[in-house]
Number of protein chains: 6
Amino acid sequence: MPIVQIELLEGRTVEQKRAMVKEVTDAICRTLNASPEAVRIIIRDMSFDNFATAGVLRSDQKK
Amino acid sequence: MPIVQIELLEGRTVEQKRAMVKEVTDAICRTLNASPEAVRIIIRDMSFDNFATAGVLRSDQKK
Amino acid sequence: MPIVQIELLEGRTVEQKRAMVKEVTDAICRTLNASPEAVRIIIRDMSFDNFATAGVLRSDQKK
Amino acid sequence: MPIVQIELLEGRTVEQKRAMVKEVTDAICRTLNASPEAVRIIIRDMSFDNFATAGVLRSDQKK
Amino acid sequence: MPIVQIELLEGRTVEQKRAMVKEVTDAICRTLNASPEAVRIIIRDMSFDNFATAGVLRSDQKK
Amino acid sequence: MPIVQIELLEGRTVEQKRAMVKEVTDAICRTLNASPEAVRIIIRDMSFDNFATAGVLRSDQKK
């Protein structure tokens, strides 16, 4: 019953998400011997003001 | 000090959320012997493009 | 497809958890019009050294 | 490799978030002996309809 | 900067986890055009008393 | 009502956690104008087998 939560910086297209959930689910099933129906994936989009590394917002790193 | 995080597919009304947090808090207090003031609930709404089961986005399952 | 994550201070019995997941699931289904099979609950037990309010570990608040 | 997730009620400015991630990162590095580059912070803004204490939505507590 | 959190029922071996994080990272990089160094994966093992579907603990479903 | 979740690699002492929650709470209150009583911090310790960067478990990176 794997439950996956993925935080992404905003801007990914639905096509990218569609491919990503398919391939991540396959990867989990292949390696953990789980059935695809048991895998749930939650995606959360982060704005560039809502993610920081080294104490600096991503929106400031891009400047 | 129970802290509850609930992911829901988007579309629930404020009335539904109002009833839900009341009843979930009651259920936790009744069964765990906690005080209502100690219970915090975070709700996160997911778009249909941001949730997948069996490797398929929910927005594609609805088609 | 509600997915629920609940953080609890350690020490709850399996009997308490059994009753809690039953009643929380019922509360969600009743108020959000969801089917029980769609509800998943993850419980995470916190040690008293791993939870703080007002900047003080719970293990220090008990002293 | 500390990974920090912070849920905030909506309404904080970018200036407040900028200062917060800087000071939280400093606090973690100072006390845990971590390098700033290793610290990642995810901020999630909650609407007043998506947070409850004592079984009452924050949007209802303000009335 | 994808950050991935995966909840698994306990019992997976280190070999399974090693293969899983490798293949999930590859899947994310391939589909989202991310660099492997940017992907962080947190695994959390759940005991059978700490996961429920349909209001029933997993430890009770196995009986 | 900031709620903070911090994932750490295992091995931090209670003294380190005590100092960390104090200073992180101070940093949040100072920058967001919150009261200390409103800040809750959840710490989760990760084993070296349960964290990966670049597709490699931390326990393998140390070898």
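Values in this document were obtained by computation on a predicted structure and should not be read as measured data. (Residues numbered from 1 in each chain as written. Chains lettered and ligands numbered in written order. Predicted model: local features only at pLDDT ≥ 70, side-chain atom pairs only at ≥ 80, totals over all residues. Heavy atoms only, no water.)

(A) Representation of the overall build of chain A in the model. In terms of regular secondary structure, chain A is built from 2 helices and 4 strands. What you see for chain A is a C-alpha radius of gyration of 15 Å, clearly larger than the 11 Å of a compact globule of 63 residues, by over 25%. By its C-alpha atoms, chain A is 45 × 25 × 15 Å across when sized along the principal axes. Looking at chain A as a whole, 59% of its 63 residues qualify as buried. Long-range contacts, defined here as pairs at least 24 residues apart, represent 60% of the contacts in chain A between residues at least 6 apart. A gap of 1 Å separates the mean positions of the 10 positive and 9 negative side-chain charges of chain A. (Helix = DSSP H or I, 4+ residues; strand = E, 2+ residues; numbered from the N terminus. Rg over C-alpha atoms; globule rule 2.2 N^0.38 Å. Buried < 20%, exposed > 50% of the residue type's maximum accessible area, 1.4 Å probe, protein only. Contact = heavy atoms within 4.5 Å. Lys, Arg positive; Asp, Glu negative; His and termini not counted. Charge placed at Lys NZ, Arg CZ, Asp CG, Glu CD.)

(B) Representation of the relation of the copies chain A and chain E in the model. Superposition of chain A onto chain E requires a rotation of 180° combined with a translation of 0.0 Å along the rotation axis, giving an RMSD of 0.0 Å. Expressed as an axis order, the relation between the two copies is that of a two-fold axis. The residues that chain A uses at the interface reappear at the interface of chain E in 100% of cases, marking a shared surface. (Least-squares fit on C-alpha atoms with pLDDT ≥ 70 in both.)

(C) Quick look at empty space enclosed by the protein. Inspection of every chain in the model, using the stated rule, returns 1 cavity of 30 Å³ or more. Estimated volume of the largest cavity: approximately 30 Å³. Here the lining of the largest cavity is composed, by residue class, of no nonpolar, 6 polar and 6 charged. (1 Å grid on protein atoms, 1.4 Å probe; cavity = no way out; pocket = protein on both sides within 12 Å on 5 of 7 lines; lining within 4 Å. Points joined across faces, edges and corners; volume = space filled by probe spheres on them. Nonpolar A, V, L, I, M, F, W, Y, C, P; charged D, E, K, R; others polar.)

(D) Main features of the interface of chain A and chain E. Facing the 25 residues of chain A at the interface are 25 residues of chain E. In total, about 2300 Å² of surface goes out of reach between chain A and chain E, with carbon and sulfur atoms giving 62% of it. Looking only at chain A, the three residues that lose the most surface to chain E are Met1(A), Thr31(A) and Leu32(A), adding up to 27% of its buried area. Linking chain A to chain E there are 2 salt bridges. Where chain A meets chain E, there are 7 residue pairs in polar contact (both at pLDDT 80 or more). Looking at the side of chain A that touches chain E, the element that brings in the most residues is helix H1 (residues 14-32) of chain A, giving 10 residues. Class assignment for the residues of the side of chain A that touches chain E results in 16 nonpolar, 3 polar and 6 charged. Where strand S1 (residues 3-9) of chain A and strand S1 (residues 3-9) of chain E come together, 5 bridges link them in antiparallel fashion. Bridge pairing in S1(E) links Ile3(A) to Glu7(E). (Buried area = accessible area lost by both parts, 1.4 Å probe. Salt bridge = Lys/Arg side-chain N within 4 Å of Asp/Glu carboxyl O. Polar contact = N/O pair within 3.5 Å; in protein donor to acceptor, adjacent residues only side chain to side chain. Pairing = 2+ DSSP bridges.)

(E) Structural view of the relation of the copies chain D and chain A. Mapping chain D onto chain A calls for a rotation angle of 120° and an axial translation of 0.0 Å; the resulting RMSD is 0.0 Å. On the angle and the small slide along the axis, the relation comes out as a three-fold axis. Across chain D, the smallest distance between a C-alpha and the rotation axis is recorded for Arg44(D), namely 5.5 Å. Looking at chain D, a mere 6% of its interface residues are interface residues in chain A too, so the copies touch through different faces.

(F) Geometry of the interface of chain D and chain A. Each partner contributes to the interface: chain D provides 16 residues, whereas chain A provides 14 residues. The contact between chain D and chain A buries some 1200 Å² in all, and 55% of this surface belongs to carbon and sulfur atoms. At the boundary of chain D and chain A, one finds 2 salt bridges. Scanning the region where chain D abuts chain A turns up 8 residue pairs in polar contact (both at pLDDT 80 or more). When residues of the side of chain D that touches chain A are traced back to their parent elements, those giving at least two are helix H1 (14-32) and strand S2 (40-46) of chain D. For the side of chain D that touches chain A, a count of residues per class yields 7 nonpolar, 2 polar and 7 charged.

(G) Expanded view of the packing of H1(D) against helix H1 (residues 14-32) of chain F. Running from amino to carboxyl end, H1(D) crosses H1(F) at an angle of 165°, the nearest separation of the two axes being 8 Å. Here H1(F) runs roughly antiparallel to H1(D), going by the angle between their axes. Handedness of the H1(D)/H1(F) crossing: right-handed. Here Gln16(D), Ala19(D), Met20(D), Glu23(D), Val24(D), Ala27(D), Ile28(D), Arg30(D), Thr31(D) and Leu32(D) of H1(D) lie close against H1(F), whose contacting residues are Gln16(F), Ala19(F), Met20(F), Glu23(F), Val24(F), Ala27(F), Ile28(F), Arg30(F), Thr31(F) and Leu32(F). Of the residues belonging to the contact of H1(D) with H1(F), the class tally is 12 nonpolar, 4 polar and 4 charged. (Axes fitted to C-alpha atoms, helices over the stretch in contact; angles between N-to-C directions. Parallel < 35°, antiparallel > 145°, perpendicular 65-115°, else oblique. Left-handed = near helix turned anticlockwise from the far one by under 90°.)

(H) Here's a closer look at helix H1 (residues 14-32) of chain E. The first and last C-alpha atoms of H1(E) sit 27 Å apart over 19 residues, in line with the 27 Å expected at 1.5 Å per residue. Asn33(E), located one to two residues past H1(E), shows a positive phi value of around 65°. (Expected span 1.5 Å × (residues − 1).)

(I) Main features of the pairing of S1(A). Residue and element names in this part refer to chain A. S1 sits mainly inside the fold: 7 of its 7 residues count as buried. Because side chains alternate across S1, one face comprises the buried residues Ile-3, Gln-5, Glu-7 and Leu-9, and the other comprises Val-4, Ile-6 and Leu-8, equally buried. Direction of pairing for S1 relative to strand S2 (residues 40-46): parallel, over a ladder of 7 bridges. For Ile-3, the partnering residue across the bridge sits in S2 and is Arg-40. Remark: the S1/H1/S2 crossover connection has right-handed handedness. (Right-handed = clockwise from strand over helix to strand, strands pointing away.)

(J) Up close: H1(A). Lys17(A), Met20(A), Val21(A), Val24(A), Thr25(A), Ala27(A), Ile28(A), Cys29(A), Thr31(A) and Leu32(A) are the residues of H1(A) that are buried. Residues of H1(A) that are buried sit in contact with S1 and S2 of chain A, strand S3 (51-53) and strand S4 (56-57) of chain B together with S1 and H1 of chain E.

(K) Representation of the pattern of salt bridges. Residues and elements named next belong to chain F. Following the criterion strictly, the structure yields 36 salt bridges over all chains and no others. Residues Arg-44 and Glu-7 are paired through a salt bridge, measuring 2.8 Å at the closest nitrogen-oxygen approach. Of this pair, Arg-44 sits in strand S2 (residues 40-46) while Glu-7 sits in strand S1 (residues 3-9), and the two are 37 residues apart along the sequence. Here Arg-44 and Glu-7 have matching classes, each one buried.

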